[in-house]
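Observations on the three-dimensional arrangement
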Amino acid sequence: MSWTDRQRAMLEAMGLKVWVSPTAADTPMTASTPERAAPTTAAPAVSARVAAPTPAIDSDVAVAAEPRRPVAPPTPARAVPAEPAPAPRPMADVLAKALPSAMPIQAPTAAPAHAVGAGLSRDAIAALDWTGLRDTVAGCRACGLCESRQHTVFGVGNERAHWMIVGEAPGEQEDAQGEPFVGAAGKLLDNMLRSLGLSREDGPPERQVYIANTLKCRPPRNRNPEPGELAQCEPYLQRQIELIQPRVILAMGRFAVQQLLQSQEAIGRLRGRVHRYQGVPLIVTYHPAYLLRNLPEKAKSWEDLCLAWQTVEAAP
Ligand code: URA
């Protein structure tokens, strides 16, 4: 499958129709118009200069208000040559500007040091290894959600993954299975990740995601997380991030963003640039469940994934 086919497949998986010139089926798309770019010579997959997908999307779902920003394509896993030529980074300038202006790291909302988790202090949680952390979460009774949960939902994926995704809270199916994002939103998420050559399944760390939630227990009837619940659970997520040391965090949805950035700003105002959480680059994007209800936002979500990809690529 060529790169263009792959991107098209990803957009179709997200429910978007892709405009394709009848005359240049395999030529990379341009940055700002539906017209084709001047064909690149040789064009190894890693060096193709391609726009974010919005220009190539039917106008009924394209997002006109969002400034168009050239974004290099994620390189599909199978398209990476064994010895890739040095890859030009069309987003390098954008990132160079974005990184210094990233939001300052802010301490997460402090729960009382003696009152978080399963009776463990914030400091004690911060010292746990994977086994200790997993066991502590499994036995957590720090808030009322423990009364109604079937399972705690700790997280899934390679503990050395370069990518980390942070969602909101388990839903009904996640609560039943003890794994994050296994319902409809999870299927969309998996499709999006697959189109980037990423997966929660086994693979090399650079192709893997670790998926976790801000809350490890399901709120009854999927109600919004409450501030006290978020505060109790926050040290668990913080420790997961410390142990994984991902190259990028994708914060999906309002509660993940509020938790990690300590910002009340709307996602629409925070996305499109690189923030930081304890030194780790963080990209803000929409929650997959929101995307299922708001088709036009899927194009923006693809842009966010492209920015995340570029951020990982630009990392030292
Ligand atoms: N939504 C989330 O935010 N997390 C899940 O695990 C499932 C749905």
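A short tour of the structure in this document, coming up. Just so it is clear, the model here is predicted, and its values are computed rather than measured.

**Regarding the packing of helix α8 (residues 227-244) against helix α9 (residues 254-261)**
Between α8 and α9, the shortest axis-to-axis distance is 11 Å and the interhelical angle comes to 75°. Comparing their axes, α9 and α8 come out roughly perpendicular. Side by side, α8 and α9 meet where Leu230, Glu234, Leu237 and Ile241 of the first sit next to Phe255, Gln259 and Leu260 of the second. Its residues assigned to classes, the contact of α8 with α9 comprises five nonpolar, one polar and one charged.

**Notes on α9**
Most of α9 is tucked away: seven of the eight residues are buried. Those residues of α9 that are buried lie in contact with β2 (163-167), α8, β4 (248-252), α10 (267-270), β5 (274-277) and β6 (280-285). One or two positions beyond α9, positive phi appears at Gln262, with a value near 50°.

**A closer look at the layout of surface pockets**
What the largest pocket holds in volume is close to 690 Å³. For the largest pocket, the lining is made up of 31 residues, of which Glu168, His287, Ala289, Tyr290 and Arg293 are closest to its centre. If you list the elements that add at least two residues to the lining of the largest pocket, you get α6 (172-177), α7 (184-195), α9 and α11 (288-293).

**A word on the site of the ligand**
Taken together, Gly167, Glu168, Ala169, Glu174, Pro180, Phe181, Asn213 and His287 make up all the residues around the ligand. Interatomic distance of 3.1 Å between a backbone N/O atom of Ala169 and a nitrogen atom of the ligand. When isolated, the ligand has an accessible area of 240 Å², and the protein chains bury 91% of it. Among the detected pockets, the ligand sits in the largest pocket.

**Thoughts on the nonpolar core**
Side chains of a nonpolar character, in soluble globular proteins, are inclined to be buried together. Core analysis: the biggest nonpolar cluster contains 61 residues, and Trp163, Met164, Ile249 and Leu260 have the highest contact counts within it. Broken down by element, this core gets its largest block of residues, seven residues, from helix α12 (residues 297-314). Residues in contact with Met164, not counting those within four places in the same chain, are Tyr210, Ala212, Leu237, Gln240, Ile241, Ile244, Pro246, Val248, Ile249 and Leu250.

**What to know about unusual backbone geometry**
A positive phi angle is found at Phe181, which is not glycine, with a value near 50°. The phi angle at Gln245 is positive, at roughly 50°, despite the residue not being glycine. Mapping Gln245 onto the fold places it in the loop between α8 and β4.

**Digging into empty space enclosed by the protein**
Regions of empty space are outlined by a rolling probe, equal in size to a water molecule, passed over the atoms. In this structure the tally under the stated criterion is five cavities of 30 Å³ or more. Empty space within the largest cavity amounts to approximately 110 Å³. Forming the walls of the largest cavity are 15 residues, and the residues nearest its centre are Cys140, Cys143, Cys217, Cys233 and Tyr236. Of all elements in the fold, only α5 (145-148) and α8 reach the threshold of two or more residues within the lining of the largest cavity.

**Considering α12**
Here α12 spans 26 Å end to end across 18 residues, near enough to the 26 Å set by a 1.5 Å rise per residue. Most of α12 is tucked away: 16 of the 18 residues are buried.

**Thoughts on the pairing of β6**
Here β6 lies mainly inside the structure; six of its six residues are buried. Neither face of β6 is left uncovered, since the one carrying Val280, Leu282 and Val284 and the one carrying Pro281, Ile283 and Thr285 both have all their residues buried. Sheet topology places β4 next to β6; four bridges connect them, and they run parallel. Opposite Leu250, over in β6, you have Ile283 as the bridge partner.

**Observations regarding the packing of aromatic side chains**
Here the structure, examined in full by the defined rule, presents four aromatic pairs. Each ring, one from Trp130 and one from Phe154, has its centre 6.0 Å from the other, and the planes form 80°; the classification is edge-to-face. Linking Trp130 in helix α4 (residues 130-138) with Phe154 in the loop between α5 and β1 (156-157), this pair joins segments that are 24 residues apart in sequence. By relative accessible area, Trp130 is classed as buried at 14%. Residue classification places Phe154 among the buried residues on the basis of a relative accessible area of 7%. Relative to Tyr290, the ring of Tyr286 has its centre 5.1 Å away and its plane inclined at 25°; by these criteria the two rings are stacked. According to the relative accessible area criterion, Tyr290 is partly exposed, its value standing at 26%. Three or more aromatic residues joined by ring pairs make a cluster, and in this case those are Trp130, Phe154 and Tyr210.

Parameters at a glance
Residues numbered from 1 in each chain as written. Predicted model: local features only at pLDDT ≥ 70, side-chain atom pairs only at ≥ 80, totals over all residues. Heavy atoms only, no water. Axes fitted to C-alpha atoms, helices over the stretch in contact; angles between N-to-C directions. Helix = DSSP H or I, 4+ residues; strand = E, 2+ residues; numbered from the N terminus. Parallel < 35°, antiparallel > 145°, perpendicular 65-115°, else oblique. Contact = heavy atoms within 4.5 Å. Nonpolar A, V, L, I, M, F, W, Y, C, P; charged D, E, K, R; others polar. Buried < 20%, exposed > 50% of the residue type's maximum accessible area, 1.4 Å probe, protein only. 1 Å grid on protein atoms, 1.4 Å probe; cavity = no way out; pocket = protein on both sides within 12 Å on 5 of 7 lines; lining within 4 Å. Points joined across faces, edges and corners; volume = space filled by probe spheres on them. Near = heavy atom within 4 Å. Polar contact = N/O pair within 3.5 Å; in protein donor to acceptor, adjacent residues only side chain to side chain. Areas by Shrake-Rupley, 256 points an atom, 1.4 Å probe, with all protein chains shown as cover. Sits in = over half its atoms within 2 Å of the grid points. Core = buried A, V, L, I, M, F, W, Y, C linked by side-chain atoms within 4.5 Å. Expected span 1.5 Å × (residues − 1). Pairing = 2+ DSSP bridges. Phe/Tyr/Trp six-rings, centres within 6.5 Å; stacked < 30°, edge-to-face > 60°.

None of this, on its own, says anything about what the molecule does.
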